[in-house]
Amino acid sequence: MNPKTMLEAHGLEPRKSLGQNFLHDPNVLEKIVASADLTPGTTVLEIGAGTGALTDVLARHAGRVLALEVDERLEPILRDRLGIYDNVQLEFADVLQTDVATLMGDQPYVVVANVPYYITSAILRHLLEAPNRPRRLVMTVQLEVAERIIARPGDMSLLAVSVQYYTRPKIVMRLNPAVFYPRPDVTSAVIRLDAHSEPPVQVPDEASLFAVVRAGFSQKRKQLKNTLAAGLRLSNDEAVALLDRAEIDPRRRAETLSLEEWAAITRAHVGG
Ligand code: SAM
């Protein structure tokens, strides 16, 4: 049954405020799950189960599925649809208020999710900064966000640097708005993020790296010597000296730097 019919049968309307655009194309659902390379031993955390369309396919391919959904109105639909599976656990909670370390424990897990677009970055940060971050994430996001995530030096952003520090991102496919009910106003894409087994660059500690990167991106279109001076509370001369030690031209702008160059500034700033 498609999501529209299911919602109508329960007297429900999709809630725009919760980013409720439900996937209804069976081929797309199968392709998303196939791109996650699940095995019967994989534990999956799904965020935003909705009417359970993706959960249903996940249950047939994964060992265990823990599905989070914030909208309790959907509980009867989800229980009806997923009651036949003994490997699905439903939790009604806001992912951003959920302690992932407690929820998933020490076990390795993969995230598969069609998340509300307005909290994509917050969800990524929440999951990637958790002590037990997922091994892999397959997420449906706005195409424009997917392109920002896979950006190369020249078009980098705080989001791209953070996601690429933790994972290797790639776009799996684009999704036409017609595969959702209701249709979103934007084109979507499925991205796959594979967690690095070792950090891709050497820094004394992650917090210092992100303090430097945040400072670098704190003012749009300004030169690094100015953004770092403001963000790291340095004088202009100190910021220029820092960039000299890292062998980076102080006139460059944050979006042109590679991850390795951010790491070089961090090492020059805090030693290591
Ligand atoms: N997975 C379903 C699908 O593919 O059809 C639903 C996708 S819909 C884009 C996003 C879902 O996330 C909605 O069901 C919404 O209620 C839920 N959601 C929104 N904010 C959430 C949050 N903070 N935590 C958990 N779920 C949330």
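Look a little higher up for the structure.
I will try to describe carefully the structure that is included in this document. (Residues numbered from 1 in each chain as written. Predicted model: local features only at pLDDT ≥ 70, side-chain atom pairs only at ≥ 80, totals over all residues. Heavy atoms only, no water.)

1. Describing helix α2 (residues 26-34)
Turning to step 1, where the next piece is worked out: Taken together, the buried positions of α2 are occupied by Val28, Leu29, Ile32 and Val33. Down the axis of α2, the buried set is contained in an arc of 130°. They therefore lie on one face. Those residues of α2 that are exposed and aimed more than 90 degrees away from the buried face are Pro26, Asn27, Lys31 and Ala34.
Turning to step 2, where the next piece is worked out: Backbone nitrogen of Asn27 and a side-chain oxygen of the N-cap are separated by 2.9 Å at the start of α2; the cap is Asp25. (Buried < 20%, exposed > 50% of the residue type's maximum accessible area, 1.4 Å probe, protein only. Helix = DSSP H or I, 4+ residues; strand = E, 2+ residues; numbered from the N terminus. Arc of directions from axis to C-beta. Polar contact = N/O pair within 3.5 Å; in protein donor to acceptor, adjacent residues only side chain to side chain.)

2. Side note on the packing of aromatic side chains
Turning to step 1, where the next piece is worked out: All told, the structure shown has 4 aromatic pairs when counted by the stated rule.
Turning to step 2, where the next piece is worked out: A ring pair is formed by Tyr166 and Phe210, whose centres lie 6.0 Å apart and whose planes are at 20°; its orientation type is stacked. One end of the pair, Tyr166, is in helix α8 (residues 158-166); the other, Phe210, is in helix α9 (residues 206-216), and 44 residues separate them in sequence.
Turning to step 3, where the next piece is worked out: Looking at Tyr166, the relative accessible area reads 5%, which means it is buried.
Turning to step 4, where the next piece is worked out: Residue classification places Phe210 among the buried positions, given a relative accessible area of 6%.
Turning to step 5, where the next piece is worked out: Between Phe217 and Trp262 the ring centres are 5.5 Å apart and the planes differ by 40°, which places this aromatic pair in the tilted class. Taken as a pair, Phe217 in the loop between α9 and α10 (224-231) and Trp262 in helix α12 (residues 259-270) lie far apart in primary sequence, 45 residues in all. (Phe/Tyr/Trp six-rings, centres within 6.5 Å; stacked < 30°, edge-to-face > 60°.)

3. Focus: the site of the ligand
Turning to step 1, where the next piece is worked out: In the neighbourhood of the ligand, 19 residues make up the surrounding shell, with Leu23, Gly48, Glu69, Asp94 and Asn114 lying closest.
Turning to step 2, where the next piece is worked out: At 2.8 Å from a nitrogen atom of the ligand is found a main-chain nitrogen or oxygen belonging to Gly48.
Turning to step 3, where the next piece is worked out: Class assignment for the residues of the shell around the ligand results in 9 nonpolar, 6 polar and 4 charged. (Near = heavy atom within 4 Å. Nonpolar A, V, L, I, M, F, W, Y, C, P; charged D, E, K, R; others polar.)

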